Amino acid sequence: MIESDLLTMAYPPLLVFAAALLVLVLPRALGFAVAALTLATTVAVAFFAPEGAHLTTTFLGFADIQPFYIDEFTRMVGGGLGFLGAFAVIYAYSSDAPRVMAAFALAYVASALGAAFAGDWLVLVFMWEIMAITSTLLVWHHGGDAVRAGYRYAIAHGIGGSLVLFAVIAQYAITGSFAMVDAAGETVGMADGLPLLLAVLGIGVNVAFVGFHTWLPDTYPRPHFAASVFLAAFTTKTSAYVLYRAIPEGSLLLAYMGGAMAVYGVVFALLQHDMRALLSYHIQAQLGYMVAGIGIGTAIGVAGAMGHLFNNILYKSLLFMAVGVVIYRTGENDLYKLGGLWREMPITAIAFLIGALSITAVPGFSGFISKGMVLDAADPGYYGAPEYQALYWLLFIGAIGTFLSFIKLGYYVFLHGPAERTVKDAKTGQTVAMFSVGGACVILGLPFIGWPVFTDLLPLVDGVTVTQLDTALNPYSAGHLTDAAILIAVSAVGFKLIRKPLSKLDYSDPALIVNPATYYAGRYTMLGVTDLYAAVDAAVVGFVKRCYWIGNNPALAVDETARRVPGLEVEKRQPADGGKPSTIHLRTSIGTTVLLLTIVLTAVLWLLVT
């Protein structure tokens, strides 16, 4: 009892943020060690702290604010983020990451954990905004191209965060509560109408909905390669979990958005030369399976989505680690300029292979379990409703594209031709990090041993555990293994057919158009607004000055008007003010004007409310 009470006081975000500060002041090795141990501690807290709301408080007059909430969902998400974070720190230390970068990364991890453990929407919004700020700082720290990409990233997440904030305000206005879960521990979800619409759009930015995704492949390939490992795991996965909290009952449109993401992501991944850009598009593709499962909304759909979220934290970060080692040793980002590196870097090649087999859902690896659950949730032959038949084929096409992408990446980096350079393999810390994360990918997918343990960890939905569904869930049934064999065979033959034409293509997606278009649209919109403001300001000030002059010289004003009437002769008079121009001063800055308008509108709203 005492031990459980102590765990409820160990608020993971606060612990990790303290570690971020210690990294800056302690000797480098000690600081990174403390950070890794702190993140390992958060895993223990996530899995062993008692369920329920902890550290409940009052904030800004709002009662029952819950910064630390534990249930099956937060255990899985928080535990996965903490586990990966610990080994990402070890990887960063061995990859010569600067201490300041590590501090930004840890602050980013702390905010993501804060969002994952939030028990109400008010805490969630607060942590959401800190997550956007700290991740931007992590990108900016590398300098160079990462700076402009970081600005675009900040704008995208600023817009998304604002939409989520407005959604939470609308939610409170309708329901009178910020609660994310009710007294029974059931997810409440966003109220229908404006709150739900704003929430889905705002979260959709972070989850990389098609059309909202351009920040992802634009940003993640540019910072320090160790920073990419952190970025790959935290923002998008935390956001997928929050998407479930916003719309727990699912939505047909949301499910099909997931299918579109799965296909869109793999198509543009196949067209990339830059290794990290390829992996970034696959973040969107894999998020598509999570969004599809959440959209389906059934027990197996949501459980599969959360399991895929957990697995994606592991194998996606593992792939970024392996590619990062290649970049670290060769200085090369273009996969077509590499080849034959398995002879020089066998350890890295094996780590990459584990990650690739996991993400492509090969039997025996964790991705096979969770991706199979989402596919089963959509397939009318298993658990899917008829309206999800097309969704199943979209997800299946996405699975083929995933195979093709990682055959391409592995072939050109590690297998194609002889090695043209002599390089060292991964350093000790990099190896420890890669194989620790890779080991989890293997263990959780093992037949008869790993996958039942993994599925028992998946959260309850509608009071049904995954293992209670029926025997058809068994991922190693003859039907599932046959589907996997077909998928592998089609992908292998497909790569053989498209390899040569594919090597001649290098297309980015509409990000090439969206980014410049957004820049110029923003620039000329700003100029239009400021010019319009100047014109209105000049007109208003001129009008007021004219009225002021008329007030001082009413007779002259009448004379001026009379002179404009044809046929009238008016005698000239001496101005009462001696002919001096008006000295009234009304001009002010845009910022001051906005402030004054805000004060006036706030006063009016306050009077209306009270």
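Notes on the structure follow. Remember, predicted model here, so these are calculated numbers, not experimental data.

**Things to note about the packing of helix α7 (residues 145-175) against helix α8 (residues 194-207)**
Okay, step 1: The interhelical angle for the contact between α7 and α8, taken along N-to-C directions, is 155 degrees, at an axis separation of 8 Å. As the angle between them shows, α7 and α8 are arranged roughly antiparallel. By crossing handedness, the relation of α7 to α8 is classed as left-handed. In this structure, α7 contributes A156, H157, G160, L163, V164, F166, A167, A170, Q171 and I174 to the contact, and α8 contributes L194, P195, L198, A199, L201, G202, I203, V205 and N206.
Okay, step 2: Within the contact of α7 with α8, the residues separate by chemical class into 14 nonpolar, 5 polar and no charged.

**Looking at the side chain of T235**
Okay, step 1: Here T235 shows up in helix α11 (residues 235-246).
Okay, step 2: Within the local environment of T235, its side chain forms a polar contact with the side chain of Y108, the two groups lying 2.6 Å apart.
Okay, step 3: Apart from the residues within four sequence positions on either side, T235 is in contact with Y108, M131, Y153, H157, N206 and Y220.

**Looking at the packing of aromatic side chains**
Okay, step 1: Applying the stated rule across the entire model yields 26 aromatic pairs.
Okay, step 2: Taken together, a centroid distance of 6.5 Å and an interplanar angle of 40 degrees make the contact between F352 and F406 tilted. Taken together, the residues span a long stretch of sequence, with F352 in helix α15 (residues 346-359) and F406 in helix α17 (residues 389-415) at a distance of 54 residues. Accessibility classification places F352 together with F406 in one group, the buried group.
Okay, step 3: Ring pairing ties together the aromatic residues Y336, Y411, Y412 and F495, which thus form one cluster.
Okay, step 4: Just above the ring of F32 sits the side chain of R28; from NZ or CZ to the centre is 4.8 Å.
Okay, step 5: Of note, K371 hangs over the ring of Y289, and the distance from its end group to the ring centre comes to 4.8 Å.

**Here's the deal with empty space enclosed by the protein**
Okay, step 1: Scanning all chains against the criterion turns up 3 cavities of 30 Å³ or more.
Okay, step 2: Of the pockets and cavities examined, the largest cavity occupies roughly 250 Å³.
Okay, step 3: Lining the largest cavity are 20 residues, with F368, G372, L375, H480 and D483 positioned closest to its centre.
Okay, step 4: Listing elements by their share of the lining of the largest cavity, those giving two or more residues are α16 (366-378), α17 and α20 (478-503).

**Thoughts on a nonpolar patch on the surface**
Okay, step 1: A cluster of nonpolar side chains, F17, L21, L22, L24, V25 and V100, forms an exposed patch at the surface whose accessible area comes to about 510 Å².
Okay, step 2: In terms of residues, the nonpolar patch owes the most to one element, helix α2 (residues 12-25), which gives 5 residues.
Okay, step 3: Tracing the backbone through its elements, the reader meets F17 in helix α2.

**Examining helix α14 (residues 299-330)**
Each full turn of the α-helix corresponds to 3.6 residues, which orients residues three or four apart in the same direction.
Okay, step 1: The end-to-end C-alpha distance of α14, which contains 32 residues, comes to 46 Å, matching closely the 46 Å that a straight helix rising 1.5 Å per residue would cover.
Okay, step 2: Among the 32 residues in α14, 30 count as buried, and that is most of the element.

**Topic: the pattern of salt bridges**
Okay, step 1: Tallied over the full model, the rule gives 4 salt bridges.
Okay, step 2: Taking the shortest distance from any N to any O, the salt bridge between K427 and D96 comes out at 3.4 Å. Taken together, the positions of K427 in the loop between α17 and α18 (428-443) and D96 in the loop between α4 (72-94) and α5 (99-117) put the pair 331 residues apart, joining distant regions of the chain.
Okay, step 3: As a salt-bridge pair, D218 and R152 come within 2.7 Å of each other at their nearest N and O atoms. Note that D218 is positioned in helix α9 (residues 215-219) and R152 in helix α7, a separation of 66 residues in sequence.
Okay, step 4: Judged by its relative accessible area of 28%, R152 falls in the partly exposed class.
Okay, step 5: What emerges from the salt-bridge pattern is a single network uniting R152, D218 and R222.

**Points about unusual backbone geometry**
Excluding glycine, residues mostly carry a negative phi; peptide bonds, for their part, are mostly trans.
Okay, step 1: With phi around 65 degrees, A361 is a residue other than glycine that occupies positive phi space.
Okay, step 2: Assignment of secondary structure puts A361 in the loop between α15 and α16.
Okay, step 3: Judged by relative accessible area, which is 9%, A361 ranks as buried.
Okay, step 4: Phi is positive for F448, which is not a glycine, with a value near 70 degrees.
Okay, step 5: Tracing the backbone through its elements, the reader meets F448 in the loop between α18 and α19 (450-457).
Okay, step 6: Under the relative-accessibility criterion, F448 is labelled exposed at 77%.

**Brief notes about the environment of M321**
Okay, step 1: Along the chain, the position of M321 falls in helix α14.
Okay, step 2: Since its relative accessible area comes to 0%, M321 is described here as buried.
Okay, step 3: With 112 residues separating them along the chain, M321 and A433 place their C-alpha atoms 8.3 Å apart.
Okay, step 4: When neighbours within four sequence positions are excluded, M321 is seen to be in contact with L84, F87, A88, Y91, V229, A433, M434 and V437.

**Notes on the packing of α4 against α14**
Okay, step 1: It is the contact of α4 with α14, at a shortest axis distance of 10 Å, that shows an interaxial angle of 5 degrees. One way to sum up the angle between α4 and α14 is to call them roughly parallel.
Okay, step 2: Each residue belonging to the contact of α4 with α14 can be placed in one class, and the counts come to 19 nonpolar, 5 polar and no charged.

The rules behind the values
Here the residue numbering is sequential within each chain, running from 1 through the sequence in written order. Residue-level local features of this predicted model are given only where pLDDT is at least 70; pairs of side-chain atoms are given and counted only at 80 or more, and the full residue set underlies all totals for whole chains, interfaces and linings. Computation of side-chain values covers all heavy atoms of the structure but excludes hydrogens and water. Convention adopted: a line fitted to C-alpha atoms gives each axis, helices being fitted over their contacting stretch, and angles between N-to-C directions are expressed from 0 to 180 degrees. Starting at the N terminus, helices and strands are each numbered in turn, a helix being any DSSP run of H or I of at least four residues and a strand any DSSP run of E of at least two. Small angles under 35 degrees read as roughly parallel and large ones over 145 as roughly antiparallel, with 65 to 115 read as roughly perpendicular and the rest as oblique. Each crossing gets its handedness from the near helix: less than a right angle anticlockwise from the far helix is left-handed, clockwise is right-handed. A contact between two residues is defined here by any heavy atoms of the two lying within 4.5 Å. Gly counts as polar in this scheme, as do all residues outside two lists: the nonpolar Ala, Val, Leu, Ile, Met, Phe, Trp, Tyr, Cys and Pro, and the charged Asp, Glu, Lys and Arg. Polar contacts, as counted here, are pairs of nitrogen or oxygen atoms within 3.5 Å of one another; within protein the pair requires one atom able to donate a hydrogen and one able to accept it, and residues that are adjacent in sequence qualify only if both atoms are side-chain atoms. In this analysis, rings of Phe, Tyr and Trp, with Trp reduced to its six-membered ring, are considered paired at centre separations within 6.5 Å, and the interplanar angle assigns stacked below 30 degrees, edge-to-face beyond 60, and tilted for intermediate values. Accessible area is worked out with a 1.4 Å probe on protein chains only. A residue is then buried under 20% of its type maximum, exposed over 50%, and partly exposed in between. Remark: a charge is flagged as sitting over a ring if the NZ atom of Lys or the CZ atom of Arg is within 6 Å of the ring centre and within 35 degrees of the ring normal. Cavities and pockets are defined on a 1 Å grid built over the protein atoms alone: a cavity is a set of grid points where a 1.4 Å probe fits but cannot escape, while a pocket is an open set with protein on both sides within 12 Å along at least five of seven lines, and lining residues are those with an atom within 4 Å of any such point. Grid points are joined across faces, edges and corners, and a volume is the space filled by probe spheres set on the points. Patch building starts from residues that exceed 30% relative accessible area and form no salt bridge, then joins like charges within 9 Å and nonpolar side chains (Val, Leu, Ile, Met, Phe, Trp, Tyr) within 5 Å. The method behind every accessible area is Shrake-Rupley, applied with a 1.4 Å probe, and residues are considered shielded solely by the protein chains displayed. Definition used for salt bridges: Asp or Glu carboxyl oxygen within 4 Å of a side-chain nitrogen of Lys or Arg. Here the expected length of a helix is defined as 1.5 Å per residue gap, with one fewer gap than residues.

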